[in-house]
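Listed here are the chains, written in short residue letters.
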Amino acid sequence: MSRSARYDFDTVIDRRGTWCVQWDGVAERFGMDGLLPFTISDMDFETAPEVLAALRARLEHGVLGYTTWQQDDFLSAVAHWHGTRYGSAVDTARLVYGPSVLSQLSQLLQMWTAEGEGVVVHTPTYDGFRKAVLGLGRELRGVPVGDTEALERELARADARVLVLCSPHNPTGRVWTESELRETAALARRHGVAVISDEIHADFVHEGYVHVPYARIADEADGTERDAGRWAVITSASKSFNFPALTGSYGIIGDPADRAEYLRRMETAEGLASPAVLSLTAHIAAYREGAAWLDAVRAYVTGNLALVAERLNTEFPALAWEPPQAGYLAWIDLRPLGVDDEALQRVLIEREKVAIMPGSVYGAPGFLRLNVGCPRSKAEAGVSALVRGLRAVGA
């Protein structure tokens, strides 16, 4: 029996009319309603049945009052997950909580940077990072993924304050190796730059690749929290278990004083002392009971990505496209085909009636980001529409 056989990922669930950003919000971004969307990074699957059961049980209790995240059920579930999934011991005293990873990022940027100072990111860049950095009046400085020399040049600038590390990387799906992370950590320490590692895609690393938590790298730097430099990890179970609408994220902040300041800001200035109780419930169930479902859905998505690779490379051998190392987002380099981005988007939207994110959203013209966290039939429809669209613009 395959890992996905005990779960049904093939059945199409109608998400229209549920206030869903991917389905109901498509007209806002693409200018036309009724498109088949392959856009924002959530999946079209129900979350794990263990998570649903826990949510139902919590709702049946009926009282939904103020809640604390600083309790053993949640903290021990996080420690259990990181210990069993990554072999990493988590000191729960170092954990913090926030409504989302981007909220945590914003708070840390306000703590560690001033207006006009430099925040380094890898390019192409998740658009949420760009909005957060620029919205706070910081200077966004991009370096190409894998270009260590460019990274050091930017980190060495006198006003560089933070490196935002997306690990695994969105949108490319790149999984950083342990040696790459060690080198990155060493460069950041050398130049006095803090590291914020967004690891929300970590649970979706595919076979053959290994996610290395940045906290482990920082802790092993030279044995003490402070000598590792300023650093934080921000993450959530919401991406891998598909419950982002519940909100909720958590993080690890290396320095005790920084942890205290972060919590002070969240509980006073932001007024976020009480988290969403259903998010805590979902996290606990996912981390305690959801491993089999996660393995199954990841295996299913691997099949979708293989379908995209087989179809694209058969139709357009010049692409030589390979699935990402992590995630359910197919990052496709169309530059070998020499197609016009705007013309392709017009055909996809107006004729093929599909919405696929253009690479320009992430600062990378000539690329597309196709979300295949969906039933196989939808993935097939999406790649077929893309093939027809590429043919229509002369590829």
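This write-up is about the structure you can find in this document. The shown structure was predicted, so the numbers you read here are calculated from the model rather than taken from an experiment.

## Points about helix 7 (residues 148–156)
One turn of the α-helix equals 3.6 residues, which is why residues spaced by three or four share an orientation.
Line of reasoning, step 1. Every buried residue of helix 7 is accounted for by Ala150, Leu151, Glu154 and Leu155. Viewed end-on, helix 7 has its buried residues packed into an arc of 130 degrees, placing them on one side of the element. What points out from helix 7, more than 90 degrees from its buried face, is the exposed set Glu149 and Arg153.
Line of reasoning, step 2. Taken together, the buried residues of helix 7 touch strand 3 (118–123), strand 4 (139–144), strand 5 (160–166) and helix 8 (178–190).
Line of reasoning, step 3. N-cap assignment for helix 7: the residue whose side-chain oxygen lies 3.3 Å from the backbone N of Glu149 is Asp147.

## Regarding the packing of helix 7 against helix 8
Line of reasoning, step 1. At a closest axis distance of 9 Å, the pairing of helix 7 and helix 8 adopts a crossing angle of 25 degrees. With respect to each other, helix 7 and helix 8 are oriented roughly parallel. Helix-helix and strand crossings are classified by hand; for helix 7 and helix 8 the assignment is right-handed. Taking contact as the criterion, the partners of Thr148, Leu151, Glu152 and Leu155 in helix 7 are, on helix 8, Glu183, Thr184, Leu187, Ala188 and Arg190.
Line of reasoning, step 2. Here the contact of helix 7 with helix 8 is composed, by residue class, of four nonpolar, two polar and three charged.

## Examining unusual backbone geometry
Line of reasoning, step 1. Looking along the chain, the bond that leaves Ser167 and enters Pro168 is cis, with omega of 0 degrees.
Line of reasoning, step 2. Structurally, the position occupied by Pro168 is in the loop between strand 5 and helix 8.
Line of reasoning, step 3. In the segment running from Asn170 into Pro171, the intervening peptide bond is cis, with an omega of 20 degrees.
Line of reasoning, step 4. Even without being a glycine, Trp19 presents a positive backbone phi close to 65 degrees.
Line of reasoning, step 5. With respect to the element layout, Trp19 can be found in the segment before helix 1 (21–24).

## Digging into the packing of helix 4 (residues 72–86) against helix 11 (residues 277–289)
Line of reasoning, step 1. For the pair helix 4 and helix 11, the least separation of the axes is 9 Å and the interaxial angle reads 35 degrees. The hand of the helix 4/helix 11 crossing is left-handed. Across from Asp73, Phe74, Ser76, Ala77, Val78, His80 and Trp81 in helix 4, the residues of helix 11 making contact are Leu280, His283, Ile284, Ala286, Tyr287 and Arg288.
Line of reasoning, step 2. For the contact of helix 4 with helix 11, the residue count by class is eight nonpolar, three polar and two charged.

## Here we look at the nonpolar core
Line of reasoning, step 1. With 112 residues, the main nonpolar core has Leu108, Tyr214, Phe241, Trp293, Leu312, Ile332 and Leu334 as its most contacted residues.
Line of reasoning, step 2. Examining the composition of this core, we find that ten residues originate from one element, helix 12 (residues 291–315), more than from any other.
Line of reasoning, step 3. Once residues within four sequence positions are removed from consideration, Trp293 is found in contact with Tyr7, Phe9, Met43, Glu46, Thr47, Ala48, Pro49, Glu50, Ser240 and Phe241.

## A few points about the sheet that holds strand 9 (residues 329–333)
Line of reasoning, step 1. If you walk across this open sheet you meet the four strands as 1-10-11-9, and the pairing is mixed. Each having just a single partner strand, strand 1 (36–38) and strand 9 make up the two edges of the open sheet. Taking the axes of each pair of neighbouring strands and ignoring which way they run, one obtains an average angle of 30 degrees across the sheet.
Line of reasoning, step 2. Strand direction decides the pairing type here: strand 9 and strand 11 (residues 367–371), joined by five bridges, are antiparallel. When the bridges of strand 11 are listed, Ala330 appears paired with Leu370.
Line of reasoning, step 3. In this fold helix 13 (residues 341–351) packs onto strand 10 (354–358) and strand 11, with an angle of close to 155 degrees to the strand it touches most, strand 10.
Line of reasoning, step 4. With respect to the sheet, helix 14 (residues 376–392) is in contact with strand 1, strand 9, strand 10 and strand 11, its orientation differing from that of strand 1 by roughly 90 degrees.

## Some details on the pattern of salt bridges
Line of reasoning, step 1. Within this structure, the stated rule accounts for 25 salt bridges.
Line of reasoning, step 2. With its nearest N and O atoms 2.5 Å apart, the salt bridge here joins Asp295 to Arg85. Here Arg85 lies in helix 4 and Asp295 lies in helix 12, a separation of 210 residues in the sequence.
Line of reasoning, step 3. With a closest N to O distance of 3.0 Å, Arg230 and Asp258 form a salt bridge. One end of the pair, Arg230, is in the loop between helix 9 (214–219) and strand 7 (231–235); the other, Asp258, is in helix 10 (residues 256–269), and 28 residues separate them in sequence.
Line of reasoning, step 4. Residue Arg230 is classed as partly exposed on the basis of its relative accessible area of 41%.
Line of reasoning, step 5. Since its relative accessible area comes to 6%, Asp258 is described here as buried.
Line of reasoning, step 6. Here the salt bridges do not stand alone but share partners, grouping Glu139, Arg141, Glu154, Arg157 and Asp159 into one network.

## A closer look at the packing of aromatic side chains
Line of reasoning, step 1. Using the criterion set out here, one finds 16 aromatic pairs in the structure.
Line of reasoning, step 2. Ring centres of Trp81 and Tyr287 lie 5.0 Å apart, and the angle between their planes is 15 degrees; on these two criteria the pair is classed as stacked. With Trp81 in helix 4 and Tyr287 in helix 11, the pair connects residues that are 206 residues apart, well separated along the chain.
Line of reasoning, step 3. By relative accessible area, which is 2% here, Trp81 ends up buried.
Line of reasoning, step 4. Between Trp331 and Phe367, the ring centres sit 4.9 Å apart and the planes meet at 15 degrees, which makes this aromatic pair stacked. With a gap of 36 residues between them, Trp331 in strand 9 and Phe367 in strand 11 connect regions that are remote in the sequence. Phe367 matches Trp331 in its accessibility class, with the two residues each being buried.
Line of reasoning, step 5. The ring of Tyr300 carries the charged tip of Arg376 above its face, separated from the ring centre by 4.3 Å.
Line of reasoning, step 6. A cation over a ring is seen here: Lys378 above Phe38, with NZ or CZ 4.9 Å from the ring centre.

Reading the values: the criteria
- Residues numbered from 1 in each chain as written.
- Predicted model: local features only at pLDDT ≥ 70, side-chain atom pairs only at ≥ 80, totals over all residues.
- Heavy atoms only, no water.
- Buried < 20%, exposed > 50% of the residue type's maximum accessible area, 1.4 Å probe, protein only.
- Helix = DSSP H or I, 4+ residues; strand = E, 2+ residues; numbered from the N terminus.
- Arc of directions from axis to C-beta.
- Contact = heavy atoms within 4.5 Å.
- Polar contact = N/O pair within 3.5 Å; in protein donor to acceptor, adjacent residues only side chain to side chain.
- Axes fitted to C-alpha atoms, helices over the stretch in contact; angles between N-to-C directions.
- Parallel < 35°, antiparallel > 145°, perpendicular 65-115°, else oblique.
- Left-handed = near helix turned anticlockwise from the far one by under 90°.
- Nonpolar A, V, L, I, M, F, W, Y, C, P; charged D, E, K, R; others polar.
- Core = buried A, V, L, I, M, F, W, Y, C linked by side-chain atoms within 4.5 Å.
- Pairing = 2+ DSSP bridges.
- Salt bridge = Lys/Arg side-chain N within 4 Å of Asp/Glu carboxyl O.
- Phe/Tyr/Trp six-rings, centres within 6.5 Å; stacked < 30°, edge-to-face > 60°.
- Lys NZ or Arg CZ within 6 Å of the ring centre and 35° of its normal.

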